[in-house]
Every structure is written in structure tokens, then in C-alpha cells.
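Residue-level structural notes
Listed below are the residues making up each chain.
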Amino acid sequence: MRLISVLVLLFSFSFGAEAGGDHHSPLEILWKGVNVLIFLGIAYWFGRKPVAEAFNNFWRSLTEGVDSSEEDLKKAKEDLKRAKEELEKAKVRADESIALARESARAEVENARRHAEEVARRIREKAMETVQIELKKAKRELALFGMEKAEEIARKMLSERFRDPEVQRRYIEVQLKRLEETDGKG
């Protein structure tokens, strides 16, 4: 009821201001107010369902939007939590992989070092064998050279000595004596 009286007063002031100073009778103002109220009542009667539905739909779309936003936020928080967990797992796996790679590298370096030492040892042994073989070969060649030179020197000496007739005579005597000894024994 208060609402009606407020509306009537508002309309009465508005109609009074429009007339530009002309005053309307209270009955006329009342009729206009009643007409406005009837119009509002009819508008309310026919428009309440569509307006209510529009407001309900608007409210529902707002609440659905908020609900879906909350659900999206909740999903995003869960996804973020899962992503952080996956990140931590990935960090652990990366650390493990790095440690494994370092250990593998260390083992490979050690294997390579051992292999290099083994190859170096074999090379030294082969070199020593080669040196021994070459040394024997050089000794044999040197011995042959020495014997050839000794024979050459001996021939020269003998040839020089046999130029002396006295040496030739003694040689022949010694040889004859040997022949006699072998003939007498045999």
C-alpha cells in the first residue's frame, strides 16, 4: 500500500511539473494515478512470467558462469598441482639421469684408460721383441762382417808372410811332417 501512495505522489508531481504551472484537480490526478496503476497491474500480470523467466535465466546464467568458473579454477588448481608433481618427478629423474651419466662417463673413462694402458704395454712388448730381433740380426751381421774382415786380414797377412821364402819353406816342412804322421797312423 505504501508503494501505491508513493507512486501516486510521484506521478502527481510529474504531471504538475509538465503543465507548466497549470494545476490539475486532485480527482484528475487520482484518475491518472489509478490509470497508471491499472497499466502497471496489467503489465505486471502479463509480463511477470516472461520477466521472471528472464531474470531467472539471467540469474541462472550468472550462477552457471560462476559455477563453471569455479569448476575451471578447481580443475586448473588440480592441473597445476599435477604439473608441479610431474615437475618434481621430472627433476628427480633428471638428477638420476645426470648421476647415471656421470657414473657411466667415469666408467667409460676408466675403461678407456685401462685399454690405453694395455695397448701401451703391448706396444712396449712388441717394441722390445722387435729390438731384440733387430739386435740379434745386427749381432749376426756384425759377426759375419767381423769374420769376413778377419778372414780378409788373415789372408792379407798370410799372403804377406808367404812372400818370405823362409816362411814358405817352414810351412812346407810342417805340412810334410803332418802328412807323414797321418800316413804312419793310418
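Residues numbered from 1 in each chain as written. Predicted model: local features only at pLDDT ≥ 70, side-chain atom pairs only at ≥ 80, totals over all residues. Heavy atoms only, no water.

Things to note about the pattern of salt bridges
This is how the line gets drawn: A pairing counts as a salt bridge when a side-chain nitrogen of Lys or Arg comes within 4 Å of a carboxyl oxygen of Asp or Glu. Secondary structure elements are taken from DSSP: a helix is a run of H or I of four residues or more, a strand is a run of E of two residues or more, and numbering for both begins at the N terminus.
Applying the stated criterion to the full structure yields 16 salt bridges. In this structure, Glu110 engages Arg114 in a salt bridge whose closest nitrogen and oxygen atoms are separated by 3.5 Å. With a gap of 4 residues between them, Glu110 and Arg114 both fall in helix 2 (residues 26–161), about one helical turn apart. Ionic pairing is found between Glu117 and Arg113, a salt bridge with its closest N-O pair at 2.6 Å. Of this pair, Glu117 and Arg113 both sit in helix 2, 4 residues apart, roughly one helical turn.

Topic: a nonpolar patch on the surface
The line we're drawing: Nonpolar side chains (Val, Leu, Ile, Met, Phe, Trp, Tyr) within 5 Å and like charges within 9 Å form the patches, drawn only from residues with over 30% relative accessible area and no salt bridge. For the area figures, the Shrake-Rupley method with a 1.4 Å probe applies, and any residue is considered shielded solely by the protein chains shown. To sort residues, take the accessible area from a 1.4 Å probe on protein chains only and compare it with the maximum for the residue type: under 20% means buried, over 50% means exposed, and anything in between is partly exposed.
Taken together, the side chains of Ile38, Ile42, Trp45 and Phe46 present a nonpolar region at the surface, about 480 Å² in accessible area. Position of Ile38 relative to the elements: it lies in helix 2. Residue Ile38 is classed as partly exposed on the basis of its relative accessible area of 45%.

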